[in-house]
Amino acid sequence: MTTIIDGKQVAATVIEAVKAAAGKLEQDAGVKTGLAVIIVGDDPASHAYVSSKSRMAKECGFTSVQHTLPEETSQEELAALVQKLNADDAIHGILVQLPLPKHLRSEPIIQSILPEKDVDGLHVVNAGKVATGDLEGGLISCTPAGAMVLVRGIHGEDLSGLNAVVIGRSNLFGKPMAALLLNANATVTSAHSRTKDLAAVCRNADILVAAVGRPQMVKADWVKPGATVIDVGINRVPAPEKGEGKSRLVGDVAFDECAEVAGAITPVPGGVGPMTIAMLMANTVIAAYRRAGRKAPKF
C-alpha cells in the first residue's frame, strides 16, 4: 500500500513544537518571539499568503507585525523599512513577500535583511551555510526544510545508500534541497530541463523530488517501484468538470498514476505546501533562541 504523506498533519506537529518552544523562551528568558512581514502592492495571492503567515504567527504566540505598503512604494522607502526592522530588537524574523511590484528590485532588499533575521533563508550567507553543510549556523529556506522533514518521516535521519534525484535547480528550492539530501548522506543527482533522458535518471531514484513548475510532468514510468515521491509543484490547470472557467491545483507529478507505483507520495495540495509556513515559524523561533543566546530547538 502506498503511503500518502499528510503534510497538514506533519505541519501541525511542527507548529505544536514551535508553540512549546516559543512559550518556553518567553517563560525562561522573558523573550517573546517577533515576526515582521512586509507586503507591497495589492496582489490577491500574496495577500492571502501573508494573512495566513500572520495568523499562524499569532497562533504560535509570536508578536506578529504586518507592514502593508502601497504599490508605488520606492526602492529607498522599502530599504529604509528593512533597516528599521533590522535594528528592532523585538523582531527576530523579517519576511518580504515576493514577488514585489515590477519597479522594485527584490535581490538588494533580500540581501539587506540581516542573515540572522532572514527567516525565508534566502540571504547568500544562509544559502552558503546550507551549501557548505553548516545546518546549525544558518537559517534553511523554508520549502526545502519542510520537504526534508517529510523525507525524514519516511526514511529517518540517515539517508546512506539511497539515491535521490531533484528535478529543478532553482536557488529557491532545487539547490538547497540537493544540499540537504547530500548532508543526510544520500547520493544526489540534480536534474533539470537540459538533463538527457530525464525519465531514466528519475527511475534510479529512491527519493524523487519534483520542482519544475510543469503540471503533471512526472509520469508513473518515471518512478522506481516503492520510491518516495515529493511533489513541490503548484500549478493551476483548467477544470471544466467543475464548471466553465474553473481551475484546480495540481503538482509536477501525475499523482493518481504515480501513487500506484510509489511507496510514499505527497499530494498537491496538502503535501509540501503546509510545511512551508510551519518551517517559517520554526525558523523564527530558532532565530529568537539564537538572539537570546540559547541553544535553538530542532524541528
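Residues numbered from 1 in each chain as written. Predicted model: local features only at pLDDT ≥ 70, side-chain atom pairs only at ≥ 80, totals over all residues. Heavy atoms only, no water.

Regarding the nonpolar core
Judged by nonpolar contacts, the single largest core of 57 residues is most densely connected at Phe62, Leu159, Met177, Leu181, Val209, Ile230 and Met281. Among the secondary structure elements, those contributing two or more residues to this core are helix H1 (7-29), strand S2 (34-40), helix H2 (44-59), helix H6 (142-155), strand S5 (163-167), helix H7 (174-183), strand S7 (207-210) and helix H10 (272-291). For this core, the element with the most residues is H10, which contributes 12 residues. In this structure Leu159 touches Met148, Val151, Leu181, Ala184, Asn185, Ala186 and Ile207, once residues within four positions along its chain are discounted. With 20 residues, the next largest nonpolar core counts Leu208, Ala259, Ala262 and Ile265 among its residues. (Core = buried A, V, L, I, M, F, W, Y, C linked by side-chain atoms within 4.5 Å. Buried < 20%, exposed > 50% of the residue type's maximum accessible area, 1.4 Å probe, protein only. Helix = DSSP H or I, 4+ residues; strand = E, 2+ residues; numbered from the N terminus. Contact = heavy atoms within 4.5 Å.)

A closer look at H6
The terminal C-alpha atoms of H6, which comprises 14 residues, lie 20 Å apart, in line with the 20 Å expected from a rise of 1.5 Å per residue. Among the residues of H6, those classed as buried are Cys142, Pro144, Ala145, Gly146, Ala147, Met148, Val149, Leu150 and Val151. The first or second residue beyond H6 is Gly156, which carries a positive phi of 85 degrees. (Expected span 1.5 Å × (residues − 1).)

Some thoughts on the sheet that holds S5
Read across the sheet, 6 strands follow the order S1-S11-S8-S7-S5-S6 without closing on themselves; strand pairing throughout is parallel. The outermost strands of the open sheet, each flanked by one partner alone, are strand S1 (3-4) and strand S6 (187-191). As defined by bridge partners, S5 adjoins S7 across 4 bridges and the pair is classed as parallel. Among the inter-strand pairings, Ile167 is bridged to a residue of S7, identified as Ala210. Running at roughly 165 degrees to strand S8 (residues 228-231), H6 makes contact with S1, S7, S8 and strand S11 (264-265) of the sheet. (Pairing = 2+ DSSP bridges. Axes fitted to C-alpha atoms, helices over the stretch in contact; angles between N-to-C directions.)

Section: the packing of H1 against H10
As a packed pair, H1 and H10 sit with axes 9 Å apart at the nearest point and diverge in direction by 15 degrees. Classified by the angle their axes make, H1 and H10 are roughly parallel. Crossing handedness for the pair H1 and H10: left-handed. Of H10, the residues touching H1 (which contributes Gly7, Lys8, Val10, Ala11, Val14, Ile15, Val18, Ala21, Ala22, Lys24 and Leu25) are Pro274, Met275, Ala278, Met279, Met281, Ala282, Val285, Ala288 and Tyr289. The residue makeup of the contact of H1 with H10, split by class, is 17 nonpolar, 1 polar and 2 charged. (Parallel < 35°, antiparallel > 145°, perpendicular 65-115°, else oblique. Left-handed = near helix turned anticlockwise from the far one by under 90°. Nonpolar A, V, L, I, M, F, W, Y, C, P; charged D, E, K, R; others polar.)

Observations concerning the sheet that holds S2
Reading across the sheet, the 3 strands line up as S3-S2-S4 and stay open at both edges, with parallel pairing between neighbours. The open sheet has two free edges, formed respectively by strand S3 (63-69) and strand S4 (93-96), since each of these has just one partner strand. Neighbour-to-neighbour, the strand axes of the sheet open up by a mean angle of 15 degrees, direction not taken into account. Here S2 pairs with S3 via 7 bridges, running parallel. In the sheet register, Val37 faces S3, and the bridge partner there is Gln66. Along the sheet, helix H3 (residues 75-86) makes contact with S2, S3 and S4, crossing S2 at roughly 180 degrees.

Points about the pairing of S7
Burial of S7 is two-sided: the residues Ile207 and Val209 facing one way and the residues Leu208 and Ala210 facing the other way are all buried. In this sheet, S8 lies alongside S7 in parallel orientation, the contact comprising 4 bridges. Along S8, the bridge assignment pairs Ile207 with Thr228.

Notes on the pattern of salt bridges
A full pass over the atoms with the stated rule returns 8 salt bridges. Linking Lys19 and Glu59 is a salt bridge whose minimum nitrogen-to-oxygen distance equals 3.3 Å. Placement of Lys19 in helix H1 and of Glu59 in helix H2 is noted, with a sequence separation of 40 residues between them. Close ionic contact of Asp206 with Lys224 constitutes a salt bridge, the shortest N to O distance being 2.7 Å. Taken as a pair, Asp206 in the loop between helix H8 (198-202) and S7 and Lys224 in the loop between S7 and S8 lie far apart in primary sequence, 18 residues in all. Shared partners join several salt bridges into a network, and the residues in it are Glu16, Lys19 and Glu59. (Salt bridge = Lys/Arg side-chain N within 4 Å of Asp/Glu carboxyl O.)

These figures come from the coordinates and say nothing about function on their own.
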